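# Breakdown of the fold
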Amino acid sequence: MAGKNFELEQVLIYRREMEKLRKQELAAAKYVLEKANQELEREKELVGLLGQEFKLCQKNLVCIDDVRMYSDFFSRKRNEIRQQKENIENLDQVMNEKRSGLMEASKDKKVLESLKEKKAAIFRQTMAAKEQSFLDEISIQKKVK
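None of the values given here were measured: they were computed from a predicted structure.

## Quick notes on the environment of Lys20
Examined against the element boundaries, Lys20 turns out to sit in helix H1 (residues 9–57). The spatial distance from the C-alpha of Lys20 to the C-alpha of Leu102 is 8.5 Å, given a sequence separation of 82 residues.

## Some words on the nonpolar core
Core analysis: the largest hydrophobic core is formed by 10 residues, namely Leu26, Ala29, Leu33, Ala36, Leu40, Ile81, Ile88, Leu91, Met95 and Leu102. The contacts of Ile88, once residues within four sequence positions are left out, are Leu33, Ala36, Asn37 and Leu40.

## Observations concerning the pattern of salt bridges
If you walk through the whole model with that rule in mind, you get 14 salt bridges. Across the salt bridge formed by Lys116 and Glu9, the nearest N and O atoms sit 3.0 Å from each other. Remark: Glu9 occurs in helix H1 and Lys116 occurs in helix H2 (residues 64–144); sequence separation between them is 107 residues. Lys109 is the partner of Glu113 in a salt bridge, and the nearest nitrogen-oxygen pair spans 3.9 Å. Highlighted residues: Glu113 and Lys109, both in helix H2, separated by 4 residues, approximately one helical turn. What makes Glu113 partly exposed here is its relative accessible area of 21%.

## Observations concerning the side chain of Gln84
As for its position among the elements, Gln84 is in helix H2. Here Ala36 takes part through its backbone oxygen, which lies 2.9 Å from a polar atom of the side chain of Gln84. Apart from the residues within four sequence positions on either side, Gln84 is in contact with Ala36, Glu39 and Leu40.

## A look at a nonpolar patch on the surface
Together, Leu8, Val11 and Leu115 make up an exposed nonpolar region whose accessible area comes to about 190 Å². Turning to its location among the elements, Leu8 is positioned in the segment before H1.

Thresholds applied
- Residues numbered from 1 in each chain as written.
- Predicted model: local features only at pLDDT ≥ 70, side-chain atom pairs only at ≥ 80, totals over all residues.
- Heavy atoms only, no water.
- Helix = DSSP H or I, 4+ residues; strand = E, 2+ residues; numbered from the N terminus.
- Core = buried A, V, L, I, M, F, W, Y, C linked by side-chain atoms within 4.5 Å.
- Buried < 20%, exposed > 50% of the residue type's maximum accessible area, 1.4 Å probe, protein only.
- Contact = heavy atoms within 4.5 Å.
- Salt bridge = Lys/Arg side-chain N within 4 Å of Asp/Glu carboxyl O.
- Polar contact = N/O pair within 3.5 Å; in protein donor to acceptor, adjacent residues only side chain to side chain.
- Patch = residues over 30% accessible without salt bridge, like charges linked within 9 Å, V, L, I, M, F, W, Y side chains within 5 Å.
- Areas by Shrake-Rupley, 256 points an atom, 1.4 Å probe, with all protein chains shown as cover.

Structural data, given as structure tokens:
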């Protein structure tokens, strides 16, 4: 297709760039979600370890203030874990939105690429028909001489 350019080439280039941008956005959203999940796991591990520590130290705690301090800490950690779970749900929703945006951008790009391929095939067929016509004309002219 050296002699004929695709009329919508600039639009196709734009859509390829949009798809690339959407891929990057999805990757960033996945990264943030993964980090949030890791943070949640760390918090759960910390609470588990401190729960075990509390069980071991419970016999030695004589002051109600120490027990209250552990209780307040566990309560705060439960709230933090609940908030982190809500944050993860929101991040998961954002990632799903980015994924659907990528799918839409990919679909738009594929439509234009398909159109470009069809136009190229039509152009090749037209050129082949012209070439055949030209060769037929040369053949006829040689027979006439």
